[in-house]
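Coordinate inspection notes
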Amino acid sequence: MLLILVIVIGCLSYAKVTHRPLPIQFFNVLTGSMADTFKPNSLVVVGRVNFEKLKVGDIISYESEKALVTHRIEAITGQGKNRRLVTKGDSNQAIDATSVTAQQVEGKLLFSIPRLGRFGEMIQTKRGQLALVLTVIQVLLLLNFLSLAKDLGLPKVIATQG
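Values in this document were obtained by computation on a predicted structure and should not be read as measured data.

**What about the overall build of the chain?**
If you tally the helices and strands in the chain, you get three helices and six strands. Mapped from its N terminus to its C terminus, the chain presents α and β elements in the order α-β-β-β-β-β-β-α-α. Going through the 162 residues of the chain one by one, you find that 34% of them count as buried. Taking contacts inside the chain between residues at least 6 apart in sequence as the whole, the part at least 24 apart equals 55%. Of the roughly 10900 Å² that the chain leaves accessible, carbon and sulfur atoms contribute 60%.

**So, the sheet that holds strand β1 (residues 24-28)**
In spatial order, the strands read β1-β2-β6-β3-β4-β5; together these six strands make up an open sheet with antiparallel pairing. With one partner strand each, in any of the chains shown, β1 and β5 (84-88) form the two edges of the open sheet. The mean angle between the axes of side-by-side strands here comes to 50°, regardless of whether they run parallel or antiparallel. Relative to strand β2 (residues 43-47), β1 runs antiparallel, the two being bridged by five bridges. Each residue of the ladder has a partner; that of Gln25, found in β2, is Val46.

Rules used in this analysis
- The residue numbering used here restarts from 1 in each chain and proceeds along that chain's sequence as written.
- The predicted origin of the model limits local features to residues at a pLDDT of at least 70 and limits the giving and counting of side-chain atom pairs to 80 or more, whereas totals for whole chains, interfaces and linings rest on all residues.
- Hydrogens and water molecules were not included; the side-chain quantities draw on all heavy atoms of the structure.
- Counting from the N terminus, the helices are DSSP H or I runs at least four residues long and the strands are E runs at least two residues long.
- Exposed residues in this analysis have more than 50% of their type's maximum accessible area, buried residues have under 20%, and partly exposed residues fall in between, with area computed by a 1.4 Å probe over protein chains only.
- Any two residues having at least one pair of non-hydrogen atoms within 4.5 Å are treated as being in contact.
- Residue exposure ignores everything except the shown protein chains as possible cover, and the areas themselves are Shrake-Rupley values with a 1.4 Å probe.
- Pairing between strands is defined by DSSP: at least two bridges between the two strands are required.
- Between the N-to-C directions of two axes lies an angle of 0 to 180 degrees, each axis being a line fitted to C-alpha atoms and, for a helix, fitted only over the stretch in contact.

Interpretation in functional terms is not warranted from these geometric data alone.
Given below as structure tokens:
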């Protein structure tokens, strides 16, 4: 978990310093359209991708008219500037109503983590980023304190019922 926090802080710092979009983005799954693959409130992590390298079976996140959508590519039509992706949620019966263009694609799924979607939403706000940094600092201080206590030979505290 600490490793994930360090990676997230590194990515956020990169974006702030370079004023470029993150090479990866975090999104919260809001619906069950991909429940066969990941459940609602999962954190999905997507990375930048070359539109021409996307293939059938890849899971992408893209901007639709209504919201951000994360679905699987079912088919590819056209070539070059006319290339379009036909997508569908794994739990949906029908393909999506409109095809996806290069300009709409946010990225390709790298991985997902169940039940961490709200965390992904939180760390995209200034208040959430501050809370994340403070939490990491607290964890690091606690680990250092425990290491120091061990080095000094302080007795372990054992909780007993009594």
